[in-house]
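Close look at the chain arrangement
Chain by chain, the residues run as shown.
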Amino acid sequence: MVERKKDAEGQTGLVMSYEDSCNRIPTLWIHGFPLNNLLWDLQVDGLAHMARLITPDLRGHGLTEPSEPPCSMKGFADDCAQLLDHLGIEGPVVVAGLSMGGYVALEFYRRYPESVAGLILAATRAGADSEEARLARDAAAATATAEGIAPIVEGMLPKLMAPNTYGEQPDLGEFVEEMMMQTSTEGMVGALAAMRDRADSTPHLDKIKVPCLVLHGEEDQLIPLSEARLMQESIEGAELVVVPGAGHLPNLEQPELFNEAVLVWLEQFYE
Ligand code: MLT
């Protein structure tokens with residue numbers, strides 16, 4: 001069962017939107033930039049028999065209200081922790097994040113290690129922004145502030161998926177574009193600042209002591225596969241699954257392959 005809810009106020013006063021599939025081991029799914037929890041619809045369909053999926057919209061994304069920029073990874077992680085508290089989830093959960101969601105997941109683990117049973121890091125990286133990337137975040141924020149989010153969405157869209165996905169699944173391109181366009185300008189500007197200022201998680205990778213699944217599209221144009229390999233090599237016992245025929249959104253481009261990898265990996269929590 002999936003319900004769409006607008007939640008009551010948490011400690012920060014944030015009204016946070018989320019879906020909760022209410023079944024078995026709790027798993028928290030954190031979307032990327034500038035997306036929202038619709039990103040995980042095919043995971044809710046394919047995994048809900050095995051796991052409880054909680055899929056928040058981060059501040060300013062989807063149905064969650066924006067807050068004054070800048071946002072931070074710490075703030076995003078705290079929002080997620082408060083949502084779990086609100087749902088009365090006391091035991092550790094599997095935390096999954098795609099791209100920016102992976103940055104949040106790594107921050108969540110640093111802040112709340114005892115609340116994490118396992119990590120799924122999809123299409124993401126551990127490193128911080130280079131100086132050049134930080135300047136590009138500021139330029140994107142200035143554009144979004146002056147002209148709205150459309151130019152940023154248009155610039156990102158052709159790079160989000162594997163080149164063949166656009167021709168083979170034209171509806172998916174439209175779906176992703178519509179999802180991105182639901183982001184508020186404040187949400188986009190806030191998230192750009194959060195990504196610009198995020199900590200380098202690389203020195204923390206060998207401190208991760210929970211099972212970890214690294215998933216990456218073979219043709220990711222935004223984050224190279226080498227970043228996934230680096231995480232897998234640095235996190236003790238981590239598994240890497242490379243998804244063929246997928247770019248930066250492997251869970252949408254190749255949902256069967258993505259879900260199968262997650263289902264197999266989740267089995268360890270039932271042994
Ligand atoms: C994302 O997909 O969340 C972003 O492209 C990640 C980033 O820009 O670093």
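**Describing unusual backbone geometry**
Note the cis peptide between F33 and P34, where omega equals -15°. Take P34: it is sitting in the loop between β3 (25–30) and α1 (41–47). Phi at S99 is positive, roughly 55°, even though this residue is not glycine. When you line up the elements, S99 lands in the loop between β5 (93–98) and α3 (100–111). Taking relative accessible area as the criterion, S99 reaches 10% and is therefore assigned buried. Of note in this structure, A123 is not a glycine but carries a positive phi near 50°. Tracing the backbone through its elements, the reader meets A123 in the loop between β6 (116–122) and α4 (131–147). Residue class for A123 comes out buried when judged on its relative accessible area of 0%.

**Looking at the site of the ligand**
Around the ligand, a shell composed of G32, F33, S99, M100, Y103, R137, M156, M195 and H248 is seen. Separating an oxygen atom of the ligand from a backbone N or O atom of M100 is a distance of 2.9 Å. Its free accessible area being 270 Å², the ligand has 91% of it covered by the protein chains. The residue inventory of the shell around the ligand, partitioned by class, reads 5 nonpolar, 3 polar and 1 charged.

**As for a negative patch on the surface**
Together, E154, D171, E174, E177 and E178 make up a region of like negative charge exposed at the surface. The greatest single-element share of the negative patch, amounting to 4 residues, is contributed by helix α7 (residues 170–181). Turning to its location among the elements, E154 is positioned in helix α5 (residues 150–160). Since its relative accessible area comes to 54%, E154 is described here as exposed.

Rules and cut-offs
- Residues numbered from 1 in each chain as written.
- Predicted model: local features only at pLDDT ≥ 70, side-chain atom pairs only at ≥ 80, totals over all residues.
- Heavy atoms only, no water.
- Helix = DSSP H or I, 4+ residues; strand = E, 2+ residues; numbered from the N terminus.
- Buried < 20%, exposed > 50% of the residue type's maximum accessible area, 1.4 Å probe, protein only.
- Near = heavy atom within 4 Å.
- Polar contact = N/O pair within 3.5 Å; in protein donor to acceptor, adjacent residues only side chain to side chain.
- Areas by Shrake-Rupley, 256 points an atom, 1.4 Å probe, with all protein chains shown as cover.
- Nonpolar A, V, L, I, M, F, W, Y, C, P; charged D, E, K, R; others polar.
- Patch = residues over 30% accessible without salt bridge, like charges linked within 9 Å, V, L, I, M, F, W, Y side chains within 5 Å.
- Salt bridge = Lys/Arg side-chain N within 4 Å of Asp/Glu carboxyl O.
- Lys, Arg positive; Asp, Glu negative; His and termini not counted.
- Charge placed at Lys NZ, Arg CZ, Asp CG, Glu CD.

Keep in mind these values describe shape, not function.
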